[in-house]
Amino acid sequence: MNDPDAWRGRVVDAHGHLGGWFNFAIPDTSTESLVAQMDRCGVAAMCVSHLLGVGPDARAGNALLLAELVRWPGRFLGYAVYDPHDPEAPGRVRDLLDEPGMIGVKLHPDTHGHPLDGPGYEPAFAVAAATGSMVLSHGEYGSPWSDPARFATVAGRHAAVPLLMGHAGLWPSGFAAAADVARRCPNVVLEICGSRMTARHLARLVADVGADRMVFGSDALFLDLRVGLGRVVLAPLDPADRDRLLFGTMTRLLEGAR
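The text that follows walks through the structure, step by step, so that each part is easy to find. If you're wondering where the values come from, they're calculated on a predicted model, not measured in any experiment.

Turning our eyes to something else, we now look at the overall build of the chain. Counting its secondary structure elements, the chain contains 11 helices and 8 strands. Here the chain has a C-alpha radius of gyration of 17 Å; the compact-globule value for 258 residues is 18 Å, and the two agree. Along the first, second and third principal axes, the C-alpha atoms of the chain reach 50 × 40 × 35 Å. Here the chain holds 258 residues, and 56% of them are scored as buried. Summarising the internal contacts of the chain: among those between residues at least 6 apart in sequence, 76% fall at separations of at least 24.

Put into structure tokens, the structure is as follows:
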């Protein structure tokens, strides 16, 4: 598309959250305020997990997520948080993925204290493969739990599962490593949210990897949706690549899932 405003009203945010976080200032944690901000920014849908689930209680957080999916059908699509320390997690997450609006599994190795390629997460990938779901995992360069190298390992084991690398490695020092994994692993897609990502970094990643292997995410409510979206809109990108980032690639992944 050549229309510079073609993205408005079509954006699919691949990485968002509902709720609050215990040690991070979020001025308004209400879902209503997030929906209002989505409307102002032209975001059609946001793929979310609940921060309570990412943190101390996956079961309670996933239940709160389901309630919000019912309240806001179509505006939010859900990732079920998988807790590698819960022996009942495989069955619970499989059941959650049968619920309307659920699209995938959310992993957070750093809060769970378990490596992405460790045995505790293997059932999560098996469930994703069996249900045709995608997996979004926190990715952090240099982390003992979620370094990009661990994505390469699990991507090879589970080649049929679309694997989104959250934050594309998070730190500028890790963007090249994240890009290298995406080039080598066809099922790895880079998700670009993070306070250290700049328009220049973004343009370099698009040049290195291709916008068809990248998706826009904001990390709202944890981070400000307006900042993340503005970074993409103002980046020195070809309009067609911007459209792929903002809605094209994620729409393709959603249509291929389940």
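This next bit is on the pattern of salt bridges. If you walk through the whole model with that rule in mind, you get 13 salt bridges. With a shortest N-O distance of 2.9 Å, Arg-75 and Asp-39 are connected by a salt bridge. One end of the pair, Arg-75, is in the loop between helix 3 (58–71) and strand 3 (76–81); the other, Asp-39, is in helix 1 (residues 31–41), and 36 residues separate them in sequence. What makes Asp-39 partly exposed here is its relative accessible area of 49%.

What follows covers the environment of Phe-125. Secondary-structure assignment places Phe-125 in helix 6 (residues 122–131). Look at Phe-125 and you get buried, because its relative accessible area is 1%. When the C-alpha positions of Phe-125 and Arg-157 are compared, they lie 9.2 Å apart, and in sequence the two are 32 residues distant. Setting aside residues no more than four positions away along its own chain, Phe-125 makes contact with Leu-107, Leu-116, Val-135, Val-154, His-158, Val-161 and Leu-163.

Moving on, we come to helix 9 (residues 199–209). For helix 9, every residue scored as buried is listed here: Leu-202, Ala-203, Leu-205, Val-206 and Val-209. Angular distribution of buried residues about the axis of helix 9 spans 160 degrees; they occupy a single face of the element. For helix 9, the exposed residues set more than 90 degrees away from the buried face come down to Arg-200, Arg-204 and Ala-207. Those residues of helix 9 that are buried are in contact with helix 8 (175–184), strand 7 (188–191), strand 8 (214–215), helix 10 (225–234) and helix 11 (239–256). Backbone geometry just after helix 9 places Gly-210 at a positive phi near 105 degrees.

Tracing the backbone through its elements, the reader meets Asp-117 in the loop between helix 5 (109–112) and helix 6. A polar side-chain atom of Asp-117 sits 2.6 Å from a polar atom in the side chain of Arg-150. Look past the residues within four positions of Asp-117 in its chain and what remains in contact with it is Arg-150, Thr-153, Val-154 and Arg-157.

The next subject is the sheet that holds strand 5 (residues 134–138). Taken together, 8 strands build an open sheet; the order of strands is 1-2-3-4-5-6-7-8 and the sheet is parallel. Edge strands, defined here as strands with exactly one partner in the open sheet, are strand 1 (11–18) and strand 8. As paired elements, strand 6 (residues 163–166) and strand 7 share 3 bridges and run parallel to each other. Note that in strand 7 the partner of Leu-164 across the bridge is Val-189. Lying on the sheet, helix 6 is in contact with strand 4 (102–107), strand 5 and strand 6; it crosses strand 4 at an angle near 165 degrees.

Conventions adopted
- Residues numbered from 1 in each chain as written.
- Predicted model: local features only at pLDDT ≥ 70, side-chain atom pairs only at ≥ 80, totals over all residues.
- Heavy atoms only, no water.
- Helix = DSSP H or I, 4+ residues; strand = E, 2+ residues; numbered from the N terminus.
- Rg over C-alpha atoms; globule rule 2.2 N^0.38 Å.
- Buried < 20%, exposed > 50% of the residue type's maximum accessible area, 1.4 Å probe, protein only.
- Contact = heavy atoms within 4.5 Å.
- Salt bridge = Lys/Arg side-chain N within 4 Å of Asp/Glu carboxyl O.
- Arc of directions from axis to C-beta.
- Polar contact = N/O pair within 3.5 Å; in protein donor to acceptor, adjacent residues only side chain to side chain.
- Pairing = 2+ DSSP bridges.
- Axes fitted to C-alpha atoms, helices over the stretch in contact; angles between N-to-C directions.

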